[in-house]
Amino acid sequence: MGALKRAGAGERRPGRRGRLRRTVTAACAGAVLAASAAACGIGSGRSTSTVPRGGTPITGGTVRYALQPSTVPNYIFPFSSSTYFSVANAEDFQYLMYRPLYWFGNGASPTLNPRLSLADPPQYHGDQVTIRMKGWKWSNGETVSARDAVFWIHMLQAVGSADWGAYVPGGFPSNVHDVRAASPTELTMTMNRHYNHTWFTSNELSQITPMPQAWDMSGPGQKAHCTTTVSDCSKVYSYLDSQSKALSGWASSKIWSVVDGPWKLESFNPDGNSTFVPNRDYSGSPRPRISKFEEVPFTTESAEYNVLRAGHDLDIGYLPTSDAPRKPESANAGRNPVQGFYLDPLYAWAINYFPLNYQSTTGNGPVIKQLYFRQALQYLMNQKSVIDGPLRGYGKYTVGPVGNYPLTPYLSARGRQGDPFPYDPKKAKELLASHGWTVTPNGVTSCGQPAKCGAGIKHGQHLEFTLPYATGTDWVQQEMTQLQSNASLAGIKLNLDPKPFDQVTAQAGGNCVVAHTSCAWDMGNWGAGWTFVPDYYPSGETLFQSGSGANSGGFSDPVNDKMIGQTLTSQSPGTLHSWQDYLSPRVPVIYQPNGVYQLSEIANNLRGVVPQSTTLNLNPESWFYVK
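Residues numbered from 1 in each chain as written. Predicted model: local features only at pLDDT ≥ 70, side-chain atom pairs only at ≥ 80, totals over all residues. Heavy atoms only, no water.

Participant: Please give an account of the overall build of the chain that cites residues and values.
Facilitator: What the chain contains, in helices and strands, is 17 helices and 29 strands. As presented, the chain carries roughly 21,000 Å² of accessible surface, and 50% of it is formed by carbon and sulfur atoms. Side chains of the chain give 51 positive and 44 negative charges; the mean places of these two sets differ by 4 Å. (Helix = DSSP H or I, 4+ residues; strand = E, 2+ residues; numbered from the N terminus. Areas by Shrake-Rupley, 256 points an atom, 1.4 Å probe, with all protein chains shown as cover. Lys, Arg positive; Asp, Glu negative; His and termini not counted. Charge placed at Lys NZ, Arg CZ, Asp CG, Glu CD.)

Here it is as structure tokens:
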């Protein structure tokens, strides 16, 4: 079932969310920054910032961590619909308390980490999968068992199509049968066909989050039986969903206090201020050495930067790209502007894009369905200019449906060639004119020949669209203003509508037909696309398969669907390469630069933070202060 997670504007998961390649280390090979290159012993020899070493470890202390602008947790239940399927809710929040069955991330590499997983690596015997739990404990003393995983799967069987953000028609759990807890420590299931084992582990089993039996209730004190009876699950989901939306009661809730992760929620304010304390019953390793972990919300990058420069209220923050050295090779490269901190750029295993709504009821749906129009708009997105300009060099091209950072065997040879639609307003105008449009530069282009414009497009229809985008990140705002100007050269009028991240994702973050919400929107940019988490194999079924919940715009192509299906069963990387080479030029979404997730600023006396995970998972239990 592929799932990726939506990332927030400036986060960099998506959706993200929601999640990275090399010859030296996962953190360093292919780095574009002098900082990264120098830290790995390659490149120019200049370092953006030197990672401190040594010091005597200290037990205790509070780490204050800056959340990305306008992205705060608003859902605690680890069974999120597309509306809540974001990095802010999962990696930044839920995963600290409720561990997924399988954990991905080894340093900067987005690979399976058996040590931090609740179960041993799955064993495949033909079409049967066997999963052996490690016997970790919940904080209420119960064992994290096979039936806790069945509890989550049963809930997915009952309500998944509408209420699980990674829902894919025909995906998990409908592609397995005979799912059962063979013993307290052993979960078995049988696949309905022979699947690519890497895909099944990375994109199906990776999504399961065992839930404690204490949650199997339909109301206060009302025991239910979702663990054993699927028909009981809808009412259990309704109750837990309602409790998850009661943000002010999270910290005092008897439900959410039952955790199996290394952290428990001590306090939470709906504005995003969160305080976590160690779960003393955590079964994994390492156990937290710091006393508290605090997440601090900010509305804008500049607000965070003001606090960061003050030097005493944050331990991990981020440098706005507008305040970063303009170019890694510039004269100013290597000078961290924040005293007492070192700079470590973090990129995500992700792609960045914004969706177009093929199902739009504004009257523009027929236009969006035209391949030539999407290609024309893509030619007006100047990725190079955005990377060189507002991103100041801290960005990667999005080249199609598969991420190109970190460099993995998943990316095709064509994908490695760079931007498939380099900025070219002349080509954009030619595409429109050749399909019957009267192009009016700096005006509004209109359809002059409906027979050539395409099905459903009327004579005189204008190329005018409303484009909401997430506020709070300078480079995204500059990118949108630039795109608006570029589009005007071809007579495409984009009415920009800046909104908070949550408002953009609420409208454009999920498939409006699947979610039964309003389809009266054309485009929407939450700023950071999608991270390949919790589905780490980039096969595309979540984002691009017809009818998928996270296929925000409702893109549908039967050839694409067939080729995606082939990637799920074939072990050959060539199958994945053929699919992405087919889909990329069809522009199912508008590709935009994959900006650095964040230019992390880390206190000089804090250790264990680097290498940062390209899955965007946080592991503050590994962090500690030194003196």
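There's more to say after this.
Participant: Can you break down the environment of T275 residue by residue, with the values?
Facilitator: Following the sequence through the fold, T275 ends up in strand β13 (residues 274-278). Residues T275 and Q68, spaced 207 residues apart in sequence, show a C-alpha to C-alpha distance of 16 Å. With residues up to four places along the chain from it excluded, the contact list for T275 reads K264, L265, E266, S267, K292, F293 and E294. (Contact = heavy atoms within 4.5 Å.)

Participant: Explain helix α6 (residues 301-310) to me, and be specific about the residues and the numbers.
Facilitator: If you check which residues of α6 are buried, you get E301, E304, Y305 and L308. In an axial view of α6, the angular spread of the buried residues amounts to 100°, which keeps them on one side of the axis. Structurally, α6 contributes buried residues whose contacts are with β3 (62-66), β15 (316-318), β16 (341-346), α12 (474-488) and β27 (598-603). (Buried < 20%, exposed > 50% of the residue type's maximum accessible area, 1.4 Å probe, protein only. Arc of directions from axis to C-beta.)

Participant: Requested: an account of the state of the cysteines, with residues and values cited.
Facilitator: Counting across every chain of the model gives three disulfides. The disulfide partner of C226 is C233, and the gap between their sulfur atoms is 2.0 Å. Residues C226 and C233 are joined by a disulfide whose S-S torsion is about 95°; by sign, that bridge is right-handed. This pair shows no difference in class: C226 is buried, exactly as C233 is. In this model, C447 is linked to C453 through a disulfide, with the two sulfur atoms separated by 2.2 Å. Negative torsions about the S-S bond denote left-handed disulfides, and the value of about 110° found for C447 with C453 makes this one right-handed. (Disulfide = S-S within 2.5 Å.)

Participant: Kindly report on the pattern of salt bridges, identifying the contributing residues and their values.
Facilitator: A full pass over the atoms with the stated rule returns ten salt bridges. Note that R99 and E621 form a salt bridge whose closest N and O atoms lie 2.7 Å from each other. One end of the pair, R99, is in the loop between α2 (90-97) and β4 (104-106); the other, E621, is in the loop between β28 (606-607) and β29 (624-626), and 522 residues separate them in sequence. A single burial state applies to R99 and to E621, both of which are buried. (Salt bridge = Lys/Arg side-chain N within 4 Å of Asp/Glu carboxyl O.)

Participant: If you had to explain the packing of helix α3 (residues 146-163) against helix α5 (residues 233-244) to someone new, which residues and values would you point to?
Facilitator: Between α3 and α5, the least distance of the axes is 9 Å, while the angle of their chain directions is 75°. The orientation of α3 with respect to α5, classified from their angle, is roughly perpendicular. Facing α3, whose interface residues are F151, H154, M155, A158, V159 and D163, α5 presents C233, S234, V236, Y237 and L240. Classifying every residue of the contact of α3 with α5 gives eight nonpolar, two polar and one charged. (Axes fitted to C-alpha atoms, helices over the stretch in contact; angles between N-to-C directions. Parallel < 35°, antiparallel > 145°, perpendicular 65-115°, else oblique. Nonpolar A, V, L, I, M, F, W, Y, C, P; charged D, E, K, R; others polar.)

Participant: I'd love a proper account of the sheet that holds strand β2 (residues 57-58), names of residues and values included.
Facilitator: Hydrogen bonding along the main chain pairs the strands of a sheet, whether they run parallel or antiparallel. Taken in spatial order, the three strands of this open sheet run β2-β29-β28, and their pairing is antiparallel. Either end of the sheet is taken by a strand with one partner, and the two such strands are β2 and β28. Where β28 lies against β29, two bridges are found, and the strand directions are antiparallel. Each bridged residue has a counterpart across the sheet, and for R607 the counterpart in β29 is F624. (Pairing = 2+ DSSP bridges.)

Participant: Lay out the nonpolar core with the relevant residues and their values.
Facilitator: Core analysis: the largest hydrophobic core is formed by 168 residues, its most contacted members being M155, M189, F200 and I492. The element best represented in this core is α3, accounting for nine residues. Ignoring sequence-local partners within four residues, the contact set of F200 consists of Y124, V129, F172, N175, V176, M189, M191, Y195 and L205. Counting residues in each nonpolar core, the second largest holds six residues, with V87, L346, Y597 and L616 among its members. (Core = buried A, V, L, I, M, F, W, Y, C linked by side-chain atoms within 4.5 Å.)

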